[in-house]
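The residues making up each chain are set out below.
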Amino acid sequence: KRSKRPRHGRASVGVSPAALPPGHDGPPADVRVMAYGPAGASEQHPADLDAIPGLLAGYPVVWVSVTGLDDTATVSRVGKLFGVHPLALEDVVGYHEHPKSEPYGDHLLVIARVVRMDQELESDQFSMLVGPGFVVTFEQRPSAQFEPLRQRIRSGQNGILTTGPGYLAYSLLDYLIDGYFPVVEALGDRLEDLEDEALQRPGTSCMRRIHTAKRDLRTLRRAVWPLRDMLNLLARETSQWFDGDARLHLRDCFDHTARIIELTEMYRELGADLTELYLSSQSNRMNEVMRVLTVIATVFMPLSFITGMYGMNFNPSVSKWNMPELNWRYGYPAVLAVLSLVTFSMLAFFYRKGWLKSFAPMSPPADGPDASHS
């Protein structure tokens, strides 16, 4: 059964391009603020939006995290606090945007996809606005993916308190991309299990799970391919949002994304091979069933002929050619002996020909694809 994707967040036909879609029933947005600099860090959760201008004046970097995009009133208020272009806010609440980066005056809009693996792969939009002294992130659902980054800021590890908003934006993208690897590894493990099942226990449920895995791989591919192009653009362009050190780190993110694409393409080929393997296994099983039925039918053909001939019951008293065995004392045991001899002779002949030997079980290759990364 195909899962239904959320379709809210799309602008209605005929509405102004910069108009935000109306909010939907749901909890209010959760806003968290972290402000830091060489002197230390400050955190507010839940955040007081009225205090954000003071934090911008007192700290070199302010990170505002907004979770819950159905609350368009809060999203619009946050956008006004930072002077975000209305078209950028429209993309933020759109849910269906492909990964991209768009400059809007003194701030940059970056959109990526966050992937999660539950029963099947889920992809949510992650939006980030980078500007002078601030980074604003927008997510639809809460995620613990960026909690290690918040812990780094609280403890001041690796000198992060002395960096600017460009480094924070890179760090967010780095954690987001690192979240792809467990998903890719989970898909690889699922494909290996499906390979064993397709070889040993092919069935309709197996084929359904193969199609689900292939659909998840297509979803992952749509998320990661534009992300690679966007990172390549950010890493090679000289911009006001990312300094030279941040661009150097973005190249590392680009390399990780290329590795994810390589694994995704490899698993997509494996998924296509699994479909052919499933059909081949089903065909082999059907051939084996037909072979067994053919052997049974072939064995019973001469037996049916013999019993049918003696079932004609021609009277031997009328003619000496009319089945004299009908009056023979040992006629019935003799016919049973002939039937048994014919049966065992045919089975022995089939066995010597190898027609009664089962197919050797097929086994997957010993070494599967390696989805590890350094």
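In the block above lies the structure referred to throughout.
The following paragraphs examine the structure supplied in this document. These numbers come from a predicted model, not from an experiment.

1. Description of the pairing of strand β5 (residues 107–117)
Counting buried positions along β5 yields nine of 11 residues, so the element is predominantly enclosed. Looking at chain direction, strand β4 (residues 100–104) and β5 are connected through five bridges and run antiparallel. In the strand pairing of β5, Glu-102 is matched with Leu-109. The antiparallel hairpin formed by β4 and β5 contains two residues in its connecting segment, where Gly-105 sits at a positive phi of about 65°. The pairing of β5 with strand β6 (residues 121–131) spans 10 bridges and is antiparallel. Across the sheet, residue Leu-108 finds its bridge partner in β6, namely Val-130. Between β5 and β6, which pair antiparallel in sequence order, lie three residues.

2. Remarks on the pattern of salt bridges
Counted according to the given criterion, the structure contains 16 salt bridges. In this structure, the salt-bridge partner of Asp-216 is Arg-190, at a minimum N-O distance of 2.9 Å. Of this pair, Asp-216 sits in helix α7 (residues 204–236) while Arg-190 sits in helix α6 (residues 180–200), and the two are 26 residues apart along the sequence. Like Arg-190, Asp-216 is buried. Of the charged contacts in the structure, one is a salt bridge between Glu-262 and Arg-259, with a shortest N-O distance of 3.5 Å.

3. Remarks on helix α5 (residues 165–178)
With 14 residues, α5 should cover 20 Å at 1.5 Å per step; its first-to-last C-alpha distance of 20 Å lies within 8% of that length. Counting buried positions along α5 yields 13 of 14 residues, so the element is predominantly enclosed.

4. Let's talk about the packing of α5 against helix α8 (residues 244–310)
Where α5 contacts α8, the axes come no closer than 10 Å and their chain directions differ by 15°. As the angle between them shows, α5 and α8 are arranged roughly parallel. Read as a crossing pair, α5 and α8 show a hand that is left-handed. Note on element contacts: α8 touches α5 through Asp-245, Ala-246, His-249, Leu-250, Cys-253, His-256, Thr-257 and Ile-260, opposite Gly-166, Tyr-167, Tyr-170, Leu-173, Asp-174, Ile-177 and Asp-178. Looking at side-chain class alone, the contact of α5 with α8 contains eight nonpolar, four polar and three charged residues.

5. Structural notes on the packing of aromatic side chains
In this structure the tally under the stated criterion is four aromatic pairs. With 4.6 Å between their ring centres and 40° between their planes, Phe-82 and Phe-134 make a pair best called tilted. One end of the pair, Phe-82, is in the loop between α2 (72–81) and α3 (86–92); the other, Phe-134, is in strand β7 (residues 134–139), with 52 residues separating them in the sequence. The exposure class assigned to Phe-82 is buried, which follows from its relative accessible area of 8%. Overall, Phe-134 belongs to the buried group, its relative accessible area being 5%.

6. Some thoughts on a nonpolar patch on the surface
Taken together, the side chains of Met-286, Val-289, Met-290, Val-292, Leu-293, Ile-296 and Phe-300 make up a nonpolar region of the molecular surface, amounting to roughly 650 Å² of accessible area. Here Met-290 shows up in helix α8. By relative accessible area, which is 44% here, Met-290 ends up partly exposed.

The rules we used
- Residues numbered from 1 in each chain as written.
- Predicted model: local features only at pLDDT ≥ 70, side-chain atom pairs only at ≥ 80, totals over all residues.
- Heavy atoms only, no water.
- Buried < 20%, exposed > 50% of the residue type's maximum accessible area, 1.4 Å probe, protein only.
- Helix = DSSP H or I, 4+ residues; strand = E, 2+ residues; numbered from the N terminus.
- Pairing = 2+ DSSP bridges.
- Salt bridge = Lys/Arg side-chain N within 4 Å of Asp/Glu carboxyl O.
- Expected span 1.5 Å × (residues − 1).
- Axes fitted to C-alpha atoms, helices over the stretch in contact; angles between N-to-C directions.
- Parallel < 35°, antiparallel > 145°, perpendicular 65-115°, else oblique.
- Left-handed = near helix turned anticlockwise from the far one by under 90°.
- Contact = heavy atoms within 4.5 Å.
- Nonpolar A, V, L, I, M, F, W, Y, C, P; charged D, E, K, R; others polar.
- Phe/Tyr/Trp six-rings, centres within 6.5 Å; stacked < 30°, edge-to-face > 60°.
- Patch = residues over 30% accessible without salt bridge, like charges linked within 9 Å, V, L, I, M, F, W, Y side chains within 5 Å.
- Areas by Shrake-Rupley, 256 points an atom, 1.4 Å probe, with all protein chains shown as cover.

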